[in-house]
Amino acid sequence: MSYTIGFQAKNQKAILATEAATANQAVAIIAALRQSADEIKFIRSPQEGDMGIEMLLLLAKEEAEEMPQHA
């Protein structure tokens, strides 16, 4: 499932967006954006629509559980 993360860079008026292929990648992007003081404006996916960070974290957890475990 793909995700689009909209954010506003510090001291900028424009809202920028970036894509992530998985929920785990989206969580990593959001963590990086938060460290650089960018403001998250939206998170959305074609399947789920708009969502909050809490929902994204839940989807990332479910995604990780579905991944095959390597022993």
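Everything quoted here is computed from the prediction, not taken from an experiment. (Residues numbered from 1 in each chain as written. Predicted model: local features only at pLDDT ≥ 70, side-chain atom pairs only at ≥ 80, totals over all residues. Heavy atoms only, no water.)

Draft legend 1. Layout of the overall build of the protein. A tally of regular secondary structure across the protein gives two helices and four strands. Starting at the N terminus, the α and β elements of the protein follow one another as β-β-α-β-β-α. Considered along the principal axes of its C-alpha atoms, the protein spans approximately 45 × 25 × 20 Å. The buried share among the 71 residues of the protein stands at 28%. Taking the intrachain contacts of the protein between residues at least 6 apart in sequence as the baseline, contacts between residues at least 24 apart amount to 52%. Accessible area of the protein: about 4,900 Å², with a carbon and sulfur share of 54%. (Helix = DSSP H or I, 4+ residues; strand = E, 2+ residues; numbered from the N terminus. Buried < 20%, exposed > 50% of the residue type's maximum accessible area, 1.4 Å probe, protein only. Contact = heavy atoms within 4.5 Å. Areas by Shrake-Rupley, 256 points an atom, 1.4 Å probe, with all protein chains shown as cover.)

Draft legend 2. Region of the structure containing the packing of aromatic side chains. Following the criterion strictly, the structure yields zero aromatic pairs and no others. Over the ring of F42 we find R44; its NZ or CZ atom is 4.0 Å from the centre of that ring. (Phe/Tyr/Trp six-rings, centres within 6.5 Å; stacked < 30°, edge-to-face > 60°. Lys NZ or Arg CZ within 6 Å of the ring centre and 35° of its normal.)

Draft legend 3. Up close: the pairing of strand β2 (residues 15–20). Strand direction decides the pairing type here: strand β1 (residues 3–8) and β2, joined by six bridges, are antiparallel. For F7, the partnering residue across the bridge sits in β2 and is L16. Taking the residues between adjacent antiparallel strands as the criterion, β1 and β2 are bridged by six residues, where N11 takes a positive phi near 65°. (Pairing = 2+ DSSP bridges.)

Draft legend 4. Representation of a negative patch on the surface in the model. Negative charge collects at one region of the surface, where E48, E62, E65 and E66 lie side by side. The residue E66 is located in helix α2 (residues 53–66) in this model. For E66, a relative accessible area of 68% translates into the label exposed. (Patch = residues over 30% accessible without salt bridge, like charges linked within 9 Å, V, L, I, M, F, W, Y side chains within 5 Å. Salt bridge = Lys/Arg side-chain N within 4 Å of Asp/Glu carboxyl O. Lys, Arg positive; Asp, Glu negative; His and termini not counted. Charge placed at Lys NZ, Arg CZ, Asp CG, Glu CD.)

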